[in-house]
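As a plain string of letters, each chain reads:
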Amino acid sequence: MDEVNIVEYDPCWQTLFAQEAERIWQTLGNDLVAEIEHIGSTAVPGMAAKPVIDIMVGVRSLVDAKSAVPRLESLGYVYYPTYLNYFPFPIPVI
């Protein structure tokens, strides 16, 4: 099992999220993105957390979302289709 490193809260996490959210929004655009949220433990002010910024991108259409994969990969993200089977509704396979 991998070791989990928990660190004291860092107020810079909010700034890191804002910068990354802007990068994602600029890459995907308003036609696809409905909202970008900072989620997970780093989003809770004052709480110790693993120092990984968790981001959720809400999209306007799951069908159109498949076009986001190559654009997010161009930012350094990695697509893992393995988890598509866990969704409670059909997801278009990319």
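Coordinates for the structure precede this section.
This text gives an overview of the structure that appears in the document. Just so we're clear, the structure is a prediction, and the values are computed from it rather than from any experiment.

About the thresholds
Residues numbered from 1 in each chain as written. Predicted model: local features only at pLDDT ≥ 70, side-chain atom pairs only at ≥ 80, totals over all residues. Heavy atoms only, no water. Helix = DSSP H or I, 4+ residues; strand = E, 2+ residues; numbered from the N terminus. Buried < 20%, exposed > 50% of the residue type's maximum accessible area, 1.4 Å probe, protein only. Contact = heavy atoms within 4.5 Å. Salt bridge = Lys/Arg side-chain N within 4 Å of Asp/Glu carboxyl O. Patch = residues over 30% accessible without salt bridge, like charges linked within 9 Å, V, L, I, M, F, W, Y side chains within 5 Å. Areas by Shrake-Rupley, 256 points an atom, 1.4 Å probe, with all protein chains shown as cover.

1. Section: the overall build of the chain
Moving on, step 1. For the chain, the count of helices and strands is three helices and two strands.
Moving on, step 2. Across the chain, helices and strands are ordered from the amino to the carboxyl terminus as α-β-β-α-α.
Moving on, step 3. A buried classification covers 18% of the 94 residues belonging to the chain.
Moving on, step 4. Restricting to contacts in the chain with at least 6 residues of sequence separation, those with at least 24 account for 63%.

2. A short note on the pattern of salt bridges
Moving on, step 1. Inspection of the entire model under this criterion finds two salt bridges.
Moving on, step 2. Residue Arg-23 is joined to Glu-20 by a salt bridge in which the shortest nitrogen-to-oxygen separation is 3.0 Å. A residue pair is termed a helical-turn pair when its members lie 3 or 4 positions apart in one helix, as Arg-23 and Glu-20 do in helix α1 (residues 12-28) at three residues.
Moving on, step 3. Exposure remark for Glu-20: the relative accessible area of 18% places this residue in the buried category.
Moving on, step 4. One salt bridge connects Lys-50 with Asp-54, and the closest N-O pair in it is separated by 3.5 Å.

3. Observations regarding a nonpolar patch on the surface
Moving on, step 1. Taken together, Val-78, Tyr-80 and Tyr-83 make up a surface patch of nonpolar side chains, about 390 Å² in accessible area.
Moving on, step 2. Looking at the secondary structure, you find Tyr-80 in the segment after α3 (68-73).
Moving on, step 3. A relative accessible area of 55% means that Tyr-80 is categorised as exposed.

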